[in-house]
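Secondary and tertiary structure notes
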Amino acid sequence: MARQMDRIIRMITADGSLMASAIDSSDLVYTAQQLHGLSKTACAALGRLLTGASLMGAMLKEAGASLTVKVEGGGPLGSLLALADSKGNVRGYVDHPAVELPLRPDGKLDVGGAVGKEGRLAVIRDFGTGEPYAGQVELASGEIAEDLTNYYAVSQQIPTVCALGVLVGKEDGLAMLAGGMLIQALPGADEAALSRLEANIVQLESVTTMLAQNRSPEDMCRAALEGFQVEVLDTFPVHYVCNCSKERFAQALLTLQPQELREMPLDQEGRMETVCQYCSRKYYFSREELWALADRAEKNRK
């Protein structure tokens, strides 16, 4: 399947009552699946979370801001985490990426069962100045989209429609299509606007169905906002991006005790292996490098 570059589009109604954003996240979800070796169900779960976090991150106004969404539902997948920047670029992981469950009676992937719903969804916004803003709510279903909708309703008191979808191949299990929509009422939105939106959403096809019909994120937004005059605010590409580096791992190692660094177990080649949980990239530290870090750690403690 030919893949188009993933994009987010953001639109606002001319009367200023509603804002909508939509994303085609097919490539970034496929990338995440390849990096983490995700099963079908894990791909659907983490793919939805990455897609939602990307849309949420793109709503941050500050250039250096970031947003973290963590889901702990008590299900066999364990914890899921996604981190997005203000351009919608995102990365994430799931504790147990190989977990697979039988299909639900309706033939769909059992994302809710894999995630679980006896837990919480937490959102942390870091604007780079002062303490990050954190909020959390109890999970509504473990299906991710409903949980994000519930987060905005409970924690932010913002009427929100969130739709997320990931389509994986029945035979090969590979991520084929992924995307999402986030529509929010703005201050001053009247009942007529909300009722019209609700009527539109009832008629709206699923995100993956619209993507399979080659409908763009703009087409998806316009379908959700049918009957409104709309203006495009912006559109931009998004990617699965990890900013890990050997230096970042070195900084993390400096938090250990000097003696711990000197006693780190080494492999047959005399190196200690570290692995990034977001992209699975490996970094190696020799005995000499570990001892040098131990010396730095000692100096930092004086």
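Preceding this paragraph is the structure being described.
First, a word on scope: everything that follows refers to the structure included in this document. (Residues numbered from 1 in each chain as written. Predicted model: local features only at pLDDT ≥ 70, side-chain atom pairs only at ≥ 80, totals over all residues. Heavy atoms only, no water.)

**Brief notes about the packing of helix 1 (residues 26-36) against helix 2 (residues 40-57)**
For clarity, the cut-off: Orientation is described by axes fitted as lines to C-alpha atoms, over the contacting stretch for helices, and by angles from 0 to 180 degrees between their N-to-C directions. Numbering of helices and strands starts at the N terminus; helices are DSSP runs of H or I of at least 4 residues and strands are runs of E of at least 2. Working definition: roughly parallel below 35 degrees, roughly antiparallel above 145 degrees, roughly perpendicular at 65 to 115 degrees, and oblique for all remaining angles. Two helices cross in a left-handed way if the nearer one is turned anticlockwise from the farther one by less than a right angle. They cross in a right-handed way if the turn is clockwise. Any two residues having at least one pair of non-hydrogen atoms within 4.5 Å are treated as being in contact.
The geometry of helix 1 relative to helix 2 is characterised by a closest axis approach of 10 Å and an angle of 130 degrees between their N-to-C directions. Here helix 1 is positioned oblique relative to helix 2, judged by the angle of their axes. The element helix 1 and its partner helix 2 pack so that their crossing is right-handed. Contact residues: helix 1 offers Leu28, Val29, Ala32, Gln33 and His36, while helix 2 offers Cys43, Leu46, Gly47, Leu50 and Thr51.

**Some words on the packing of aromatic side chains**
Rules: Ring geometry is summarised as follows: Phe, Tyr and Trp rings, the Trp one being its six-membered ring, pair when their centres sit within 6.5 Å, and such pairs are stacked at plane angles under 30 degrees, edge-to-face over 60 and tilted between the two. Relative accessibility under 20% of the residue-type maximum defines a buried residue, over 50% an exposed one, and the middle range a partly exposed one, all with a 1.4 Å probe and only protein chains included. Over a ring means this: the NZ of a Lys or the CZ of an Arg is within 6 Å of the ring centre and within 35 degrees of the ring normal.
All told, the structure shown has three aromatic pairs when counted by the stated rule. Ring plane angle 70 degrees and centroid distance 5.3 Å describe the contact between Tyr151 and Tyr152, whose orientation is recorded as edge-to-face. When its relative accessible area of 0% is taken as the criterion, Tyr151 is described as buried. In this structure Tyr152 comes out as buried when scored by relative accessible area, which is 2%. Ring geometry for Phe249 versus Tyr283: centroids 5.3 Å apart, planes at 40 degrees, classification tilted. Note that Phe249 is positioned in helix 8 (residues 246-253) and Tyr283 in strand 12 (residues 282-286), a separation of 34 residues in sequence. Sitting above the plane of the Phe285 ring, Lys246 keeps its charged end 5.0 Å from the centroid.

**Overview of the nonpolar core**
Just so we agree on the cut-off: Each nonpolar core is a collection of buried residues, namely Ala, Val, Leu, Ile, Met, Phe, Trp, Tyr and Cys, held together in the definition by side-chain atoms within 4.5 Å.
With 72 residues, the main nonpolar core has Met56, Val69, Leu77, Leu80, Leu121 and Phe285 as its most contacted residues. Top contributing element to this core by residue count: helix 2, with ten residues.

**So, the sheet that holds strand 2 (residues 18-24)**
Heads up, the condition is: DSSP bridges decide pairing: two strands pair if at least two such bridges lie between them.
Strand order in the open sheet made by the five strands is 8-9-2-1-10, with antiparallel pairing throughout. The sheet is open, and its two borders are formed by strand 8 (160-168) and strand 10 (230-237), each paired with just one other strand. Neighbour-to-neighbour, the strand axes of this sheet turn through a mean angle of 10 degrees, independent of strand direction. With seven bridges joining them, strand 1 (residues 7-13) and strand 10 adopt antiparallel strand pairing. Bridging from a neighbouring strand, Ile9 pairs with Thr235 of strand 10. Those strands touched by helix 4 (residues 145-156) are strand 8 and strand 9 (175-185), and its axis lies near 160 degrees from that of strand 8.

**Digging into the pattern of salt bridges**
Note the following rule: The working definition used for a salt bridge is a side-chain nitrogen of Lys or Arg within 4 Å of a carboxyl oxygen of Asp or Glu.
Inspection of the entire model under this criterion finds 13 salt bridges. Linking Arg222 and Glu218 is a salt bridge whose minimum nitrogen-to-oxygen distance equals 3.0 Å. Of this pair, Arg222 and Glu218 are both found in helix 7 (residues 217-224), four residues apart, which corresponds to roughly one turn of the helix. The salt bridge partner of Glu273 is Lys282, with a shortest N-O separation of 3.9 Å. Taking relative accessible area as the criterion, Lys282 reaches 46% and is therefore assigned partly exposed. Where salt bridges share partners, they join Arg48, Arg104, Asp106 and Glu143 into one cluster.

**Observations concerning the state of the cysteines**
For the record, the criterion: By convention in this document, the label disulfide applies to cysteine sulfur atom pairs within 2.5 Å.
Per the stated rule, a full pass over the model turns up zero disulfides. No disulfide involves Cys43; its sulfur sits 17 Å from that of Cys162, the nearest cysteine. Looking at the unpaired Cys244, the closest cysteine sulfur is the one in Cys279, lying at 3.6 Å. A relative accessible area of 14% means that Cys244 is categorised as buried.

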